[in-house]
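Understanding the architecture of this molecule
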Amino acid sequence: MKGIVVMQIWQFALIYLLLLVVLFVMKKSRIDQTRLLVIASIRMTVQLILAGLILTYIIQNPHPLFTVAYFLLMTGFAILRILRKNKGLNRGFQIAIAGSLFFSGLFVVVFFIALVVGESVFNPQYMIPVSGMVVGNAMTGTTLGVKTFRESFSGQRNRIEALLNIGARPDQILLPFVNQAIETALLPTLNSMLGMGIIALPGMMTGQILSGTLPTTAILYQIAIMIAITTVVCLSVFGSLYFGYRSIYNDKNQILLESDPAA
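Below you will find a few notes about this structure. Position labels on residues start from 1 in each chain and follow its written sequence. Only residues with pLDDT of at least 70 are given local features in this predicted model, and only at 80 or more are side-chain atom pairs given and counted; all residues enter the totals for whole chains, interfaces and linings. Excluding hydrogens and water, the side-chain values take into account all heavy atoms of the structure.

The next point concerns the overall build of the chain. Check the secondary structure of the chain and you find 10 helices and zero strands. Buried residues are those whose accessible area, probed at 1.4 Å on protein chains only, stays under 20% of the maximum for their type, while exposed residues exceed 50% and partly exposed ones sit between those limits. Counting every position in the chain, which comprises 263 residues, the buried fraction comes to 33%. In the chain, once contacts between residues fewer than 6 apart in sequence are set aside, the share between residues at least 24 apart is 73%. For every accessible area listed, the method is Shrake-Rupley and the probe measures 1.4 Å; residues are considered covered only by the protein chains on display. Surface exposure of the chain reaches about 16200 Å², of which carbon and sulfur atoms provide 67%. Each helix corresponds to a stretch of at least 4 residues labelled H or I by DSSP, and each strand to a stretch of at least 2 residues labelled E; elements are numbered beginning at the N terminus. What makes two residues a contact is simply this: any of their non-hydrogen atoms within 4.5 Å.

Next up on the list: the side chain of Arg150. Among the secondary structure elements, Arg150 is positioned in helix α6 (residues 124–155). Among the polar contacts listed, one links the side chain of Arg150 to the backbone oxygen of Lys87, at a separation of 2.5 Å. What qualifies as a polar contact is a pair of N or O atoms within 3.5 Å, subject to a donor-acceptor requirement within protein and to the restriction that residues adjacent in sequence count only when both atoms come from side chains.

A few words on helix α4 (residues 64–85). By this rule, a helix spans an expected 1.5 Å times one less than how many residues it contains. The end-to-end C-alpha distance of α4 is 32 Å, a good match for the 32 Å that 22 residues give at a rise of 1.5 Å each. Every buried residue belonging to α4 is among Thr67, Tyr70, Phe71, Met74, Thr75, Ala78, Ile79, Ile82 and Leu83, and all of these are buried. Buried residues in α4 make contact with α3 (34–60), α5 (91–117) and α6.

Attention shifts here to the environment of Ile248. With respect to the helices, strands and loops of the structure, Ile248 is situated in the segment after α10 (215–244). Separated by 155 residues in sequence, Ile248 and Phe93 have C-alpha atoms that sit 7.8 Å apart.

Our focus in this paragraph is helix α8 (residues 170–195). It helps to recall that an α-helix has 3.6 residues per turn; residues three or four apart then point in one direction. The first and last C-alpha atoms of α8 sit 39 Å apart over 26 residues, in line with the 38 Å expected at 1.5 Å per residue. Two axes enter the bend calculation: one fitted to the seven residues ending at the residue in question, the other to the seven starting there, and the bend is the angle between them. The sharpest bend along α8 reaches about 35° and sits at Leu187, with the proline Pro188 one to four residues further on. Pro170, Asp171, Ile173, Leu174, Phe177, Val178, Ala181, Ile182, Ala185, Leu186, Thr189 and Gly195 are the residues of α8 that are buried. Backbone geometry just after α8 places Gly197 at a positive phi near 90°.

Below, the discussion takes up the packing of aromatic side chains. The rule is short: rings of Phe, Tyr and Trp, with Trp giving its six-membered ring, pair when the centres are within 6.5 Å, and they are stacked under 30 degrees, edge-to-face over 60, tilted in between. Scanning the model with the defined rule gives 10 aromatic pairs in all. Relative to Phe103, the ring of Phe102 lies with its centre 5.1 Å away and its plane at 80°, an arrangement referred to as edge-to-face. A relative accessible area of 56% means that Phe103 is categorised as exposed. Between Tyr242 and Tyr245, the ring centres sit 6.2 Å apart and the planes meet at 65°, which makes this aromatic pair edge-to-face. Of the residues examined, Tyr242 reaches a relative accessible area of 27% and is grouped as partly exposed. Taken together, the ring pairs connect Phe238, Tyr242, Phe243 and Tyr245 into an aromatic cluster.

Time to look at the environment of Leu235. Along the chain, Leu235 falls in helix α10. Leu235 has contacts with Ser104, Phe107 and Val108, leaving out every residue within four places of it along the chain.

All right, on to a positive patch on the surface then. Each patch is built from salt-bridge-free residues with over 30% relative accessible area, joining like charges within 9 Å and nonpolar side chains (Val, Leu, Ile, Met, Phe, Trp, Tyr) within 5 Å. Salt bridges are defined as contacts in which a side-chain nitrogen from Lys or Arg sits within 4 Å of a carboxyl oxygen from Asp or Glu. This count recognises Lys and Arg as positive and Asp and Glu as negative, with His and chain-terminal groups excluded. One atom stands in for each charge, and that atom is NZ of Lys, CZ of Arg, CG of Asp or CD of Glu. On the surface, a cluster of positive charge is contributed by Arg43, Arg81, Arg84, Lys85 and Lys87. At three residues, the largest contribution of residues to the positive patch is made by α4. Of note, Lys85 is situated in helix α4.

Each pair of packed helices gets described by two things: the angle between the helix axes and the distance between those axes. In contact at an axis separation of 10 Å, helix α2 (residues 18–28) and α3 are set at 160° when each is read in the N-to-C sense. Of the possible angle classes, the one that applies to α2 and α3 is roughly antiparallel. In this structure, the crossing between α2 and α3 has a hand that is right-handed. Mapping the contact onto sequence places Leu19, Val22, Leu23 and Met26 in α2 and Thr34, Leu37 and Ser41 in α3. Amino acid classes used here: Ala, Val, Leu, Ile, Met, Phe, Trp, Tyr, Cys and Pro are nonpolar; Asp, Glu, Lys and Arg are charged; the rest, including Gly, are polar. Within the contact of α2 with α3, the residues separate by chemical class into five nonpolar, two polar and no charged. Here an angle of 0 to 180 degrees is reported between the N-to-C directions of two axes, which are lines fitted to C-alpha atoms, with helices fitted over the stretch in contact. Any angle that is under 35 degrees is reported as roughly parallel, and any over 145 degrees as roughly antiparallel; angles of 65 to 115 degrees are reported as roughly perpendicular and all others as oblique. By convention the crossing between two helices is left-handed if the near helix lies anticlockwise of the far one by an angle smaller than a right angle, and right-handed if it lies clockwise.

Take a look at the structure:
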C-alpha cells in the first residue's frame, strides 16, 4: 500500500478556492457572515500551522513534561471555551465543569493509551492526538449540555418558583432539567455512531488509511476512539451538570437567583 502523498504548497493553496463557493452561496442567500468566514479561515490556518510546528518539535524531541504541558494547555483552553459560551455561572458551577472535563478526559485518555493501545501515556505520538479528539468532543458535549440546562431553567422560572412555593425541593425541580440536558448533549455523538461506516468514514479512520495503514487496523482504532469519545462526553456532561446544579441553591433549599442565567 502506498504511503500518503505529500502536498506541495501550491497544491494545498488550491483548497482555499472552495471558500469562494461558500462566499458565493452566502452572498446569494444574503448571509452577512463574510467577515466571520474570512477570520475563521485565517485563524484556523494560523492555529493549525502553529500546532503542527509545536507537535513536530515535541514528537522529534519527546519528553514527558512537553506531553503533560500540551495536555494541560489543551484542557485549559477547552474549559475556558465552555465558560465563555456559558457566561454568568457561579464559581461552584465553573469548578464542576473544570473538574469534570479534566478528570474525565484524563481518565479516558490514560485508559485508551495505556490499556487499549498498550503505549506509554507520555508518548506524544499517541497522547496528543488522542487527547485532542477526546477533549475536543468533551468540550462540545459539555457546552451543549450546560447551554441546554440553562435555557430550560430560564424558560421555566415561573414554574420553578411556583413549585418552590408549594414546598418542592430544589433537587426534585432541577434534576429533570439535568437529565434532559445530558440526553441532548449525548444525542449528536450517538447519532454519529449510528451513521458511521455507512453514511460517512470518520476522520481518524480516513487519516490512517491515507497514511498507508491497513483499513482493518484503522477500523479497530476508530471503533475504540468512538467508544472513548462517547464515554468522555457522558462523564464530562454528567459531572458538570450533576455537581453544578447543586451549586445554584443554598442550605435553605432556596434557588439562588444570582446563579440564574437569566438574571
